[in-house]
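Given next are the chains, with one letter for each unit.
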Amino acid sequence: MSSEYAKQLGAKLRAIRTQQGLSLHGVEEKSQGRWKAVVVGSYERGDRAVTVQRLAELADFYGVPVQELLPGTTPGGAAEPPPKLVLDLERLATVPAEKAGPLQRYAATIQSQRGDYNGKVLSIRQDDLRTLAVIYDQSPSVLTEQLISWGVLDADARRAVASHDEL
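Predicted model, so just to flag it, every value in this text is computed and none were measured.

J.: Sorry, what's going on with the packing of aromatic side chains here?
T.: Given two aromatic rings, their pairing is described by the distance between the two centres and the angle made by the two planes. As enumerated under the stated definition, the model contains two aromatic pairs in all. Seen from their ring centres, Y136 and W150 are 6.3 Å apart, and the 65° between their planes marks the pair as edge-to-face. With Y136 in helix 7 (residues 126–136) and W150 in helix 8 (residues 140–150), the pair connects residues that are 14 residues apart, well separated along the chain. Here Y136 and W150 have matching classes, each one buried. Residue placement shows K30 over the ring face of F61; its charged tip is 5.5 Å from the ring centre.

Structure (structure tokens):
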């Protein structure tokens, strides 16, 4: 494995771990010692080669498909990640809580995780929209229309959702 590839693989491993809110020590604790912090850290730095078997086991531990950990892969084999959707947080604050409560809590969680408190806009991924659709018990396209009607999403979001649905 090339040094550059190992570093890219390590960056993917680190991104998944941090997305799950785990420190290296947290991985060791959660895995009950199966995954040693020093070993996972060396994989993440690209200092240590990871076997295919160990990578598959680590992907299983994190609950992600192996291909999510491989450098140079994106969903659907696209050259770039799917377009982001941008929530208008100022407009969201004006939507009654009985309608927008789940979205407001979800957005606040993302802001907290990112340390992003500009308060005006928040970009979300297609996966976030799918998660929100489950929370609202609607399809992503129906939820998109609802968010557009609230003024929380720009009408351009229709194209992003439509192009993703075609994949």
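J.: When you look at helix 8 in this model, what are you seeing that I'm missing?
T.: The α-helix winds at 3.6 residues per turn, so residues separated by three or four positions along the chain end up facing the same way. Listed as buried for helix 8 are L143, T144, L147, I148 and W150. Here the buried residues of helix 8 occupy an arc of 160° about the axis, which is enough to place them on one side. Trailing helix 8 by a residue or two, G151 shows a phi angle of about 80°, which is positive.

J.: Got a minute to help me understand the UniProt feature "binding site: 3',3'-c-di-GMP 1" (unreviewed entry) in the protein in this structure?
T.: Within this numbering scheme, the UniProt entry marks K84, R114, D116, N118 and S123 as carrying the feature "binding site: 3',3'-c-di-GMP 1" (unreviewed entry). Mapped onto the fold, R114 is located in helix 6 (residues 97–114). Taking relative accessible area as the criterion, R114 reaches 37% and is therefore assigned partly exposed. Not counting residues within four places of it along the chain, the set of residues in contact with R114 comprises L122, S123 and I124. Tracing the chain through its elements places D116 in the loop between helix 6 and strand 2 (121–124). For D116, a relative accessible area of 23% corresponds to the partly exposed category. Ignoring sequence-local partners within four residues, the contact set of D116 consists of Q111 and L122.

J.: What am I meant to see in unusual backbone geometry here?
T.: Peptide bonds are mostly trans, and most non-glycine residues show a negative phi. A positive phi is found at Q32, a non-glycine position, where the angle reads about 55°. With respect to the element layout, Q32 can be found in the loop between helix 2 (24–30) and helix 3 (37–45). Q32 sits in the exposed class, given a relative accessible area of 76%.

J.: Even after reading the chapter, I still don't get helix 4 (residues 52–62), so can you show me in this structure?
T.: Listed as buried for helix 4 are L55, L58, A59, F61 and Y62. The buried residues of helix 4 occupy one face: seen down the axis, they fall within an arc of 160°. Away from the buried face of helix 4 by more than 90 degrees, exposed residues V52, Q53 and D60 are located. Its buried side turned inward, helix 4 meets helix 1 (3–19), helix 2 and helix 3. A positive backbone phi angle near 75° is found at G63, which sits one or two residues after helix 4.

J.: What am I meant to see in the UniProt feature "binding site: 3',3'-c-di-GMP 2" (unreviewed entry) in the protein here?
T.: Per the UniProt annotation, the sites labelled "binding site: 3',3'-c-di-GMP 2" (unreviewed entry) are K84, R114, R125, Q126 and D128. Take R125: its relative accessible area is 42%, and that puts it in the partly exposed class. Following the sequence through the fold, D128 ends up in helix 7. Not counting residues up to four positions away in its chain, the partners in contact with D128 are Y106 and I110.

J.: What is the right way to read the side chain of T144 from this model?
T.: Relative to the assigned elements, T144 resides in helix 8. Here the side chain of T144 touches P140 through a polar contact of 2.7 Å, landing on its backbone oxygen. Apart from the residues lying within four places of it in its own chain, the contact partners of T144 are L129, L153, A157, R158 and V161.

Calculation notes
- Residues numbered from 1 in each chain as written.
- Predicted model: local features only at pLDDT ≥ 70, side-chain atom pairs only at ≥ 80, totals over all residues.
- Heavy atoms only, no water.
- Phe/Tyr/Trp six-rings, centres within 6.5 Å; stacked < 30°, edge-to-face > 60°.
- Helix = DSSP H or I, 4+ residues; strand = E, 2+ residues; numbered from the N terminus.
- Buried < 20%, exposed > 50% of the residue type's maximum accessible area, 1.4 Å probe, protein only.
- Lys NZ or Arg CZ within 6 Å of the ring centre and 35° of its normal.
- Arc of directions from axis to C-beta.
- UniProt positions renumbered as here; feature names shortened; annotations may be inferred.
- Contact = heavy atoms within 4.5 Å.
- Polar contact = N/O pair within 3.5 Å; in protein donor to acceptor, adjacent residues only side chain to side chain.

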